[in-house]
Protein chains: 2
Amino acid sequence: MQREEAEFANEAFYLAFAEKDIQAMDNIWAKSAPVLCLHPGWPLLSGRDDVMESWRSILSNPSQQPIDFYGVQSSALNSSTVAVVCYELVGGSAMVATNVFVQEDGQPRIALHQAGFCGNPPPNQPLNRG
Amino acid sequence: MQREEAEFANEAFYLAFAEKDIQAMDNIWAKSAPVLCLHPGWPLLSGRDDVMESWRSILSNPSQQPIDFYGVQSSALNSSTVAVVCYELVGGSAMVATNVFVQEDGQPRIALHQAGFCGNPPPNQPLNRG
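Residues numbered from 1 in each chain as written. Chains lettered and ligands numbered in written order. Predicted model: local features only at pLDDT ≥ 70, side-chain atom pairs only at ≥ 80, totals over all residues.

Chemist: When you look at the interface of chain A and chain B in this model, what are you seeing that I'm missing?
Modeler: How big an interface is tends to be reported as the loss of accessible area on association of its parts. Every contact between the two is made by 29 residues of chain A and, on the other side, 29 residues of chain B. Listed by contribution, the elements that provide at least two residues to the side of chain A that touches chain B are β1 (36-38), β3 (67-78), β4 (81-90), β5 (93-104) and β6 (107-117) of chain A. Tallied by class, the residues present in the side of chain A that touches chain B amount to 17 nonpolar, 12 polar and no charged. (Contact = placed C-beta atoms within 7 Å. Helix = DSSP H or I, 4+ residues; strand = E, 2+ residues; numbered from the N terminus. Nonpolar A, V, L, I, M, F, W, Y, C, P; charged D, E, K, R; others polar.)

Chemist: Where do I start with the sheet that holds strand β6 (residues 107-117) of chain B in this structure?
Modeler: Backbone hydrogen bonds hold the strands of a sheet together, and the pairing may be parallel or antiparallel. All names here are of chain B. Strand order in the open sheet formed by six strands is β2-β1-β6-β5-β4-β3, with mixed pairing between adjacent strands. Of all strands in the sheet, those bounded by a partner on one side alone are β2 (45-46) and β3 (67-78). Sheet topology places β3 next to strand β4 (residues 81-90); nine bridges connect them, and they run antiparallel. Paired with asparagine 78 across the two strands is threonine 81, which belongs to β4. Sheet strands in contact with helix α1 (residues 3-18) are β3, β4, β5 (93-104) and β6, and its direction is about 150 degrees off that of β3. (Pairing = 2+ DSSP bridges. Axes fitted to C-alpha atoms, helices over the stretch in contact; angles between N-to-C directions.)

Chemist: Looking at this structure, how should I read the sheet that holds β1 of chain A?
Modeler: Residue and element names in this part refer to chain A. Spatially, β2-β1-β6-β5-β4-β3 is the arrangement adopted by the six strands of the open sheet, whose pairing is mixed. Because the sheet does not close on itself, it has two edges, and the strands there are β2 (45-46) and β3. Where β4 lies against β5, 10 bridges are found, and the strand directions are antiparallel. Within β5, the residue paired with valine 82 across the bridge is phenylalanine 101. Against the sheet, helix α1 (residues 3-18) touches β3, β4, β5 and β6, its axis set at about 150 degrees to β3.

Chemist: I keep staring at the relation of the copies chain A and chain B and nothing clicks. Help me out?
Modeler: Here the two chain copies are tied together by a rotation about an axis and a shift along that axis. Here chain A sits on chain B after a turn of 180 degrees about the axis and a move of 0.0 Å along it, with an RMSD of 0.0 Å. A rotation of that kind, with that shift, is consistent with a two-fold axis. Proximity to the rotation axis, assessed at the C-alpha, singles out glycine 116 of chain A in chain A; its C-alpha lies 3.0 Å from the axis. A shared interface surface links the copies, since 100% of the contact residues of chain A are contact residues in chain B too. (Least-squares fit on C-alpha atoms with pLDDT ≥ 70 in both.)

Written as structure tokens, this is what we have:
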């Protein structure tokens, strides 16, 4: 998997989040790999059922703040795994997030998501896009 | 790589941290994979030089609080990548941390570390050790 493929899938993840599109969110999460998810302030979620239930809850919550992201940096950990780190803006709060993508059925899918509050986010401008 | 191998390496990571053993810490980080590291409150560190410099700074800091960890859960993301999630106790603060291990030279090495403050850690008791 190329880093660019994972970065593109990372954009799809945040688009699904922003548009509250549960089907797109479901598509982007790994189906074979045992997934892990750490939402800010939540206990660790392990396994696809619990993770997708959390997304249904978040995406259907009318109080959920809009989300945007910036500052993408990625790293190919090995030939089939890419980690993408970026900053999230959720309402007035900044988070730092890692999304680890694995290759499944020829496309990158998220196997691990961790987002946590970030005390000192970098300025909101693209860091790695030329 | 088996999950158990990564969990064992995860213990070695925290032992190196607790004992402020910079050589052991150096040994546990990937040498080929491009590493990423998110310490709590730090900007993203990318690349082995910056990451190891951060550990030299942390491990040589006389004010660094003792560290302990618990609540290990792991997931084999694919055949050569295992994510280990656990909770860290640093001084009086609880963190949630992810360490992603890749296979290098026949052993698991950390390619990604993210630790962040955790508002509601689970009770401090082994979760996954039978």
